[in-house]
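Summary of the model geometry
Here is how the chains run, residue by residue.
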Amino acid sequence: MRPIYRKVSFLRRSRAMWGNTRVWRPRLVFWAGALAIGVVSVLFAKLADVAQESFHGIIGTSDWTTLLPLIITPLGFVFCAYMAFSFFPNAQGSGIPQAIAARHLNDHEDRVRLLSLRMVFGKILLTIVGLFSGASIGREGPTVQVGASLMLQVARWGGMAQARGLILAGSAAGIAAAFNTPLAGIVFAIEEMGRSYEARTNGLVLTAVILSGLAAIGLVGNYTYFGASAAAATGFSDWLLVILCGIGGGAFGAFFSAGAIKALRRIKRWTAPDPFRRSLLLAAVCGFAVALIGVASGGTTFGTGYEQARGAVEGHALPWYFFLEKLLASFLSMVSGIPGGIFAPSLSVGASFGSTVGLLTGSNIGLAAVLGMAGYFAGVVQAPMTAFVIILEMTGSHDSVIALMCTSMLGYGTARIISHEPLYHALSRVFIADAIRRKRAEAASATPEQNQTSN
């Protein structure tokens, strides 16, 4: 009788669970949100590609149109800065710092200022406009903010209380769908977004990554972002590449990261007396400088740099100085204050740096490009696991697993010596500080009213 009783009790619990809408409604809404992230990420990618192709189509039609960026790019930067300042505050930059900051904030209103459906629309729109203007930005960082915003909205609709875990899951799903790199999405959530492993959210992250990945694969098929690379580190010269790309790439990445942090802090102080006018002026100056670099490089530094990076991975050497041009264009685009990420431009800089190292050492260009991406990217974001996994999945470099690991760790170690602050986390503190100052100002303004009421 006892086993039968246990069996009947189990069946009763199962029926109660399956028939309880309070249990299944949040799950269904969460699953729908994860699928929506995959669909939105794919549409975002398609629109971004169209924007880039349209810009290059305009400037490449005749000799005189090659100078059009001197007009289009500054105007595009000013438009994006104006829209971000006036209609979509907190949409500036990558979007990853906003998602990190939202996880540390406890107040729902503070989170909504950083992650909302309004932000989804503004981030996608202005990133596309930036790419159409020739900015050296990517869509992958913005996709993280978009994914986190969608998942936070899903939490409201589904009555789910795990806001921090859902932001983490939405961010991971965004990365996974943007690059078709599910493992990198999970590692990114653990290493970069959370900076620690949270057992309670592992199911949310994994489920979100699976569903968003399935949606993306269903729309565009399974693919590797930069194609397949069969290069492998075998001889002494190849392992010399590991050292050079790791230390050199990590150093350049750290200088980019540290320079961006310092520049953005000084820009914030400089714009404080007149934020609107000075923000637009900064965007115009940065846009014109990006246009000059792009015209001087023959248009190669405009946009994400995907074509150049893929060419290097496939073994086609880039000009030795291209990585310096792309690095400067990416730096100016970042500090200008317009929405846009640094993932794809950083990978382009890393691939071109590796190509240069390969030219100097007479080594395999494809292998050098892949290792250059690992070293430089690990130096910029100071997240070696994410750098290694994301590049492994994007290039299919399974024959160079150990070399990629070593390069990522060398890049990370070098970056830590030069810059002690991880880029995204340093920038996230700006949004957290703004939320704290806003709370204090609200409390100070409410105190006199409360005193009058009590009297």
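Not measured: the values here are computed from a predicted model.

Attention shifts here to the overall build of the protein chain. Summing up its helical and strand segments, the protein chain has 19 helices and zero strands in all. Summarising the internal contacts of the protein chain: among those between residues at least 6 apart in sequence, 81% fall at separations of at least 24. Just so you have it, the protein chain exposes about 19,900 Å², and 65% of that area is on carbon and sulfur atoms.

According to UniProt, the feature "transmembrane region" (unreviewed entry) maps to residues 68-88, 120-138, 166-190, 202-227, 239-259, 280-300, 320-344 and 356-381 in the numbering used here. Helix makes up 81% of residues 280-300 and strand 0%, whereas the separation of the span's terminal C-alpha atoms amounts to 26 Å.

Take the packing of helix 4 (residues 96-104) against helix 8 (residues 163-179) next. Helix-helix packing is described using two parameters, namely the angle between the two axes and the distance between the axes. Between helix 4 and helix 8, the least distance of the axes is 9 Å, while the angle of their chain directions is 160°. With respect to each other, helix 4 and helix 8 are oriented roughly antiparallel. Crossing of helix 4 against helix 8: the hand is left-handed. Here Ala99, Ala102, Arg103 and His104 of helix 4 lie close against helix 8, whose contacting residues are Arg164, Ile167, Leu168 and Ser171. Grouping the amino acids of the contact of helix 4 with helix 8 by side-chain chemistry returns four nonpolar, two polar and two charged.

Before going further, it helps to examine empty space enclosed by the protein. A water-sized probe, rolled over the atoms, reveals where empty space remains. Throughout the structure, instances matching the rule amount to one cavity of 30 Å³ or more. Around the largest cavity sit Gly93, Ser136, Ile137, Ser330, Ser333, Met334, Ile338, Gly340, Gly341 and Ile342, which together line it. Classifying every residue of the lining of the largest cavity gives four nonpolar, six polar and no charged. If you count residues domain by domain, the lining of the largest cavity takes at least three from each of domain 1 (25-220) and domain 2 (236-434).

About the criteria used
Residues numbered from 1 in each chain as written. Predicted model: local features only at pLDDT ≥ 70, side-chain atom pairs only at ≥ 80, totals over all residues. Heavy atoms only, no water. Helix = DSSP H or I, 4+ residues; strand = E, 2+ residues; numbered from the N terminus. Contact = heavy atoms within 4.5 Å. Areas by Shrake-Rupley, 256 points an atom, 1.4 Å probe, with all protein chains shown as cover. UniProt positions renumbered as here; feature names shortened; annotations may be inferred. Axes fitted to C-alpha atoms, helices over the stretch in contact; angles between N-to-C directions. Parallel < 35°, antiparallel > 145°, perpendicular 65-115°, else oblique. Left-handed = near helix turned anticlockwise from the far one by under 90°. Nonpolar A, V, L, I, M, F, W, Y, C, P; charged D, E, K, R; others polar. 1 Å grid on protein atoms, 1.4 Å probe; cavity = no way out; pocket = protein on both sides within 12 Å on 5 of 7 lines; lining within 4 Å. Points joined across faces, edges and corners; volume = space filled by probe spheres on them. Domains from an automatic or database assignment.

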